[in-house]
Amino acid sequence: METILEMERITKKYGQFTANQEISFALREGEIHAIVGENGAGKTTLMRILYGMEQPTSGTIRIHGAEKRFANPAEAIDSGIGMVHQHFMLFPSRTIAENIVIGNEPRKSIWFDRKQAIAQVGALAERFRLPIAPGQKVGDCPLGTQQRVEILKVLYNGAKIIILDEPTAVLTPLEVKELLITLRGLAEQGKSIILITHKLHEVMEVADRITVLRNGRVTGQLEASQTTVEEVSRLMVGRELDGIRRETQQAGQPLLQVNRLFIRGKKGKPLLDHVSFHVRSGEIVGIAGISGNGQSELVQALTGLLPVDEGTVLLQGKEITNRSVKQIREAGLAHIPEDRYLWGTAKEASVKDNAIMGHHRLKEFQRGGILRQRKLDQLVTGWINSFAIKTSSLANKAQNLSGGNLQKVIVAREIGHATPFLLACEPTRGVDIGAMEFIHQQLMDKRNRGEAVLLVSSELSEIMTLSDRILVMFEGKVVGELNAETATEEQISLLMAGGKQP
Ligand SMILES: Nc1ncnc2c1ncn2[C@@H]1O[C@H](COP(=O)(O)OP(=O)(O)OP(=O)(O)O)[C@@H](O)[C@H]1O
């Protein structure tokens, strides 16, 4: 296979900090090349340089042997590079076809030629075997379809090299399978794919080669068929992973009691349909379900972000139904939100301010109405060390942190104070395997201390590893409860898809 892209000795410095250190990387035509590495290893930085979003401090990019410099993404696109971002950049009120052709629309004299756009997009989708309905509104499509639209957009613009940044993070297990098949199909048709991901099993399934980054440097370049998940994770993390320690433990009294919660929906169907369950002290209860089946509404109802129409929520015996977020937190609830950017952080604020948010009101951190800065610095520095959060300083803006490191700030903030109850939503989304194991152990320790955790996750493996009991949600209802020790992935998947418990 011919080499299409070479990145040679790329270095990127932000002030004193080196995000990429002499990284060399070659991509062959028709290959899927995974780039893996811990949070903050420099994967996204390298791709932003390739896509013209950042300029390297030094180093060379060549395409088909010719040296290139991309001042902006438009220049990278002109050279056949496309990027599918983690957060989709689509117009929800526009159709699939309009989203794909935007910026390069077919025209009949000066007017947008809608018919032609639909025909072109339809033909493109067929050629690359990406099923979509060109006339459908993007806002009505599930995330898996929206991602296909992003891929088609990149193909429409003539990309030969396609960069995908954590593409499976938001997908259901079935959508993940479909995406991996799509990627193989694209590679077979000669496209070269760079895949950034933390999911090593997916890497093993789909990639031809793997480049491992650690602290901004390349620590390994491997053929996927000749390596193992264990070897790759050792190169990523620099040590063997331990596995998590679960103590046998008798669950105690119910800490959270949810009784017949009901939220009316706009289209007649309830968003939550008389949901009842409890979580006892010393227990992790997992909620499994395909996203969009009421999990988000349940979480928002429990945390005071969405009012409920009927039913009650009790925390440590005290009613918290329809109370304010502040009141609910004061009653003993901590919350790792599912979307770290929307609910979890203030991007413009410092790492320290983000880490103490919500806790700044605690008496121990105030004296005479003034924050005890030194004490707070000590607290946050302790978290930065124990969670291995990569940041240049406490004053660094949250938006400068890599996605996984920002997630660790949120987890530290919500676990750092031993609240009796934790609602953990997608707690390891976007974090590397070392950090994932660390966060899992923190959740388990919380349970082992006799506190309680409600875990909402789209990762079945996470639910199965951590939970004592598993509840499955479908169409706003809890449709099954399983003992995690005996439950199988097949049983849970069946319930998630609306099947009956055998
Ligand atoms: N604009 C910036 N200013 C200062 N530091 C930055 C900036 N952008 C990135 N960094 C730092 O560079 C390092 C590499 O970040 P990058 O986003 O490339 O990591 P990553 O490997 O993609 O991590 P993740 O898996 O968490 O997404 C991080 O420590 C990050 O804080």
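Residues numbered from 1 in each chain as written. Predicted model: local features only at pLDDT ≥ 70, side-chain atom pairs only at ≥ 80, totals over all residues.

Run through the overall build of the protein, naming residues and quoting values.
Looking only at helices and strands, the protein has 17 helices and 24 strands in total. Each principal axis of the C-alpha distribution contributes one length, and for the protein these read about 70 × 55 × 45 Å. Evaluated residue by residue, the protein yields a buried proportion of 44% over its 502 residues. (Helix = DSSP H or I, 4+ residues; strand = E, 2+ residues; numbered from the N terminus. Buried ≥ 20, exposed ≤ 12 C-beta atoms within 10 Å, placed from the backbone.)

Please set out the packing of helix H4 (residues 114–127) against helix H5 (residues 143–156) residue by residue, giving values where relevant.
Axis angle and axis distance: for two packed helices, these are the angle between their axes and the distance between the axes, and together they describe the pair. At their nearest, the axes of H4 and H5 sit 11 Å apart, and the two run at 105° to each other. By the angle between their axes, H4 is roughly perpendicular relative to H5. Listed contacts from H5 to Val121, Leu124 and Ala125 of H4 are Leu152, Leu155 and Tyr156. Among the residues making up the contact of H4 with H5, the classes are represented as six nonpolar, no polar and no charged. (Axes fitted to C-alpha atoms, helices over the stretch in contact; angles between N-to-C directions. Parallel < 35°, antiparallel > 145°, perpendicular 65-115°, else oblique. Contact = placed C-beta atoms within 7 Å. Nonpolar A, V, L, I, M, F, W, Y, C, P; charged D, E, K, R; others polar.)

Lay out the UniProt feature "domain: ABC transporter" (unreviewed entry) in the protein with the relevant residues and their values.
The sites that carry the UniProt feature "domain: ABC transporter" (unreviewed entry) are, in the present numbering, residues 5–240 and 256–500. The span residues 256–500 shows a helical share of 34% and a strand share of 25%, and its end C-alpha atoms are spaced 27 Å apart. (UniProt positions renumbered as here; feature names shortened; annotations may be inferred.)

How would you summarise helix H8 (residues 229–237) if you had to cite specific residues and measurements?
Taken as a whole, H8 has its buried residues at Val232, Ser233, Leu235 and Met236. In a view along the axis of H8, the buried residues occupy a sector of 160°, so they form one face of it. Taken together, the buried residues of H8 touch strand E3 (32–37), helix H7 (200–206), strand E11 (209–214), strand E12 (217–223) and helix H15 (433–448). Trailing H8 by a residue or two, Gly238 shows a phi angle of about 85°, which is positive. (Arc of directions from axis to C-beta.)

Any chance you could break down the site of the ligand for me, citing the residues and the numbers?
By nearness alone, 18 residues border the ligand, and Asn39, Thr44, Thr45, Ser402 and Gly404 come closest of all. At the level of elements, strand E2 (17–28), helix H1 (43–50) and helix H14 (403–416) are the ones that each hand at least two residues to the shell around the ligand. Class assignment for the residues of the shell around the ligand results in five nonpolar, eleven polar and two charged. (Near = placed C-beta within 6 Å.)

Now, about the nonpolar core: what can you tell me, with residues and values included?
Grouped together as the largest cluster of nonpolar side chains are 70 residues, with contacts concentrated most on Leu454 and Leu455. Among the elements that make up this core, the one with the highest residue count is H14 (six residues). Those residues in contact with Leu455 that lie beyond four places of it in its chain are Ile284, Val285, Gly286, Ile287, Ala424, Leu443, Ile463, Leu466 and Ser467. (Core = buried A, V, L, I, M, F, W, Y, C linked by C-beta atoms within 7 Å.)

Could you give an account of helix H17 (residues 489–496), with specific residues and numbers?
Among the residues of H17, those classed as buried are Ile492, Leu495 and Met496. Down the axis, H17 shows its buried residues gathered within 105° of arc, on one side only. The secondary structure elements touched by the buried residues of H17 are strand E15 (283–288), helix H16 (460–466), strand E23 (469–474) and strand E24 (477–483).

Go over unusual backbone geometry, please, and point to the residues and values.
Although it is not a glycine, Asn215 adopts a positive phi angle of roughly 50°. Topologically, Asn215 is positioned in the loop between E11 and E12. Notably, Gln316 is not glycine yet its phi reads approximately 50°, a positive angle. Among the structural elements, Gln316 can be located in the loop between strand E16 (310–315) and strand E17 (318–319).

Account for the sheet that holds E3, naming residues and giving values.
The six strands are arranged E6-E9-E10-E3-E11-E12 in an open sheet whose pairing can be described as mixed. Two strands in the sheet have a free side with no partner beyond their single neighbour: strand E6 (81–84) and E12. Sheet twist, expressed as the mean angle between neighbouring strand axes with direction ignored, is 20°. The pairing of E3 with strand E10 (residues 192–196) spans four bridges and is parallel. When the sheet's bridge partners are listed, Ile32 is paired in E10 with Ile193. Of the strands in this sheet, E3, E6, strand E9 (161–165), E10 and E11 touch H1, which is tilted by about 145° from E9. Running over the sheet, H5 touches E6 and E9 and is turned about 170° from E6. (Pairing = 2+ DSSP bridges.)

Please set out the packing of H14 against H15 residue by residue, giving values where relevant.
Where H14 meets H15, the closest approach of the two axes is 12 Å, and the angle between their N-to-C directions is 10°. Classified by the interaxial angle, the pair formed by H14 and H15 is roughly parallel. From H14, Gly404, Lys408, Val411 and Ile415 reach across to H15, where they touch Ala435, Ile439, Gln442 and Lys446. Residue composition of the contact of H14 with H15, by class: four nonpolar, two polar and two charged.

Describe the sheet that holds E16, listing the residues and the values that go with them.
Ordered in space as E14-E13-E16-E17, the four strands form an open sheet in which the pairing is antiparallel. Bordering the open sheet on either side are strand E14 (272–280) and E17, each of which pairs with just one other strand. Of the strand pairs in this sheet, strand E13 (residues 254–263) and E14 are connected by seven bridges, and their pairing is antiparallel. Within E14, the position partnered with Leu261 by the bridge is Val275. Against the sheet, helix H9 (residues 295–302) engages E13, E14 and E16, with an angle of about 65° to E14.

Run through the pairing of E15, naming residues and quoting values.
Counting buried residues in E15 gives six out of six residues, a clear majority hidden from the surface. Inspection of the sheet shows E15 paired to E23 by four bridges, in the parallel sense. By the bridge assignment, Val285 is partnered in E23 with Arg469.

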